[in-house]
Amino acid sequence: METILIVDDEKLIRWSLSEELAKERFLILTAETIQEAVAKVRQSMPELVIIDLRLPDGNGIALLQTIKEIHPDVVTIILTAEDKSSSAVQAMKLGAYDYLTKPIRIDVLKIVIGKALENIRLKRELQLLYQQQEVQHHADEIITGSECMKNVFEFVKKAAPTNSTVLITGESGTGKELVARAIHRASGRKNRPMVSINCGAIADTLIESELFGHELGAYTDAVTQKKGLFESADG
């Protein structure tokens, strides 16, 4: 069930749109102000936000910009009582999906919402397909006749597109790092660094500095500042 947030300072509009859109089996949230809307976007990450151009604590264009910074993939539709092309152009440049003038025809709004959400679904399906192809491509680089390893790569296909943490275990030489790299290259983080470390090759007294780094002069031999591996692998 997709979540829609309606942001409008008019109680009657919030109520009427909520009633009509709830009939389409959407989960409906409402907000009266920019502050309230931003809080609900952070909390619920809705798929679509309907924004009135004029709000008590600012304008809808500013809210649109803030929402896009928090949740770049959200679809936004701007509503206004003023038919100003300049506002429409500005909204579209900031990533609004559409711009509708009040009074709102609910049948038109439903059509626009339907097209917008279908657009989201298609993008997600294409992204998932691309990630699965990436996993298969990198899995094919590892030669194996083992049914166990084939099962591992079925799991890799499921894990790579998610934000889940993955722990890979196995004896030395079984390909743990190859599996990790296959997951990384097929994930949404593939353009960010993947950092590997052989903990067994580092003395106990140095591991903290390797992982967390240190500042200049932190201890006797700290003659330079050193960035830790956690910081290097950020993202």
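Above this text sits the structure in question.
Summary of the structure given here. For clarity, every value in this text was computed on a predicted model and none was experimentally measured. (Residues numbered from 1 in each chain as written. Predicted model: local features only at pLDDT ≥ 70, side-chain atom pairs only at ≥ 80, totals over all residues. Heavy atoms only, no water.)

A look at the side chain of Ser18
Here is step 1: Residue position: Ser18 is located in helix H1 (residues 11-22).
Here is step 2: Judged by relative accessible area, which is 14%, Ser18 ranks as buried.
Here is step 3: If we ignore the near neighbours within four places in the chain, the residues touching Ser18 are Ile6, Ile28 and Thr30. (Helix = DSSP H or I, 4+ residues; strand = E, 2+ residues; numbered from the N terminus. Buried < 20%, exposed > 50% of the residue type's maximum accessible area, 1.4 Å probe, protein only. Contact = heavy atoms within 4.5 Å.)

Observations concerning the pairing of strand S3 (residues 48-52)
Here is step 1: Across the 5 residues of S3, 5 count as buried, placing the element largely inside the fold.
Here is step 2: Here S3 shows a buried face lined by Leu48, Ile50 and Asp52 and a second buried face lined by Val49 and Ile51.
Here is step 3: Bridge analysis of strand S1 (residues 3-7) against S3 gives 4 bridges, and the strand direction is parallel. Its bridge partner lying in S3, Val7 is registered against Ile51.
Here is step 4: In this structure, S3 lies alongside strand S6 (residues 75-80), joined through 5 bridges in parallel fashion. For Leu48, the partnering residue across the bridge sits in S6 and is Val75. (Pairing = 2+ DSSP bridges.)

Here we look at the layout of surface pockets
Here is step 1: Within this model, the largest pocket holds a volume of roughly 990 Å³.
Here is step 2: Lining the largest pocket are 30 residues, and of these Val166, Ala180, Met194, Val195 and Ser196 lie nearest its centre.
Here is step 3: Of all the secondary structure elements, the ones that give two or more residues to the lining of the largest pocket are helix H7 (176-185) and helix H9 (229-232). (1 Å grid on protein atoms, 1.4 Å probe; cavity = no way out; pocket = protein on both sides within 12 Å on 5 of 7 lines; lining within 4 Å. Points joined across faces, edges and corners; volume = space filled by probe spheres on them.)

Points about the pattern of salt bridges
Here is step 1: Summed over the entire model, instances satisfying the criterion amount to 10 salt bridges.
Here is step 2: Lys102 is the salt-bridge partner of Asp8, the closest N and O atoms lying 2.9 Å from each other. Here Lys102 lies in the loop between strand S7 (98-101) and helix H5 (106-139) and Asp8 lies in the loop between S1 and H1, a separation of 94 residues in the sequence. Side by side, Asp8 and Lys102 carry an identical accessibility label, which is buried.
Here is step 3: We note a salt bridge from Glu20 to Lys110, for which the minimum N-O separation is 3.5 Å. Of this pair, Glu20 sits in helix H1 while Lys110 sits in helix H5; the two residues are 90 residues apart in sequence, bridging distant segments of the chain. (Salt bridge = Lys/Arg side-chain N within 4 Å of Asp/Glu carboxyl O.)

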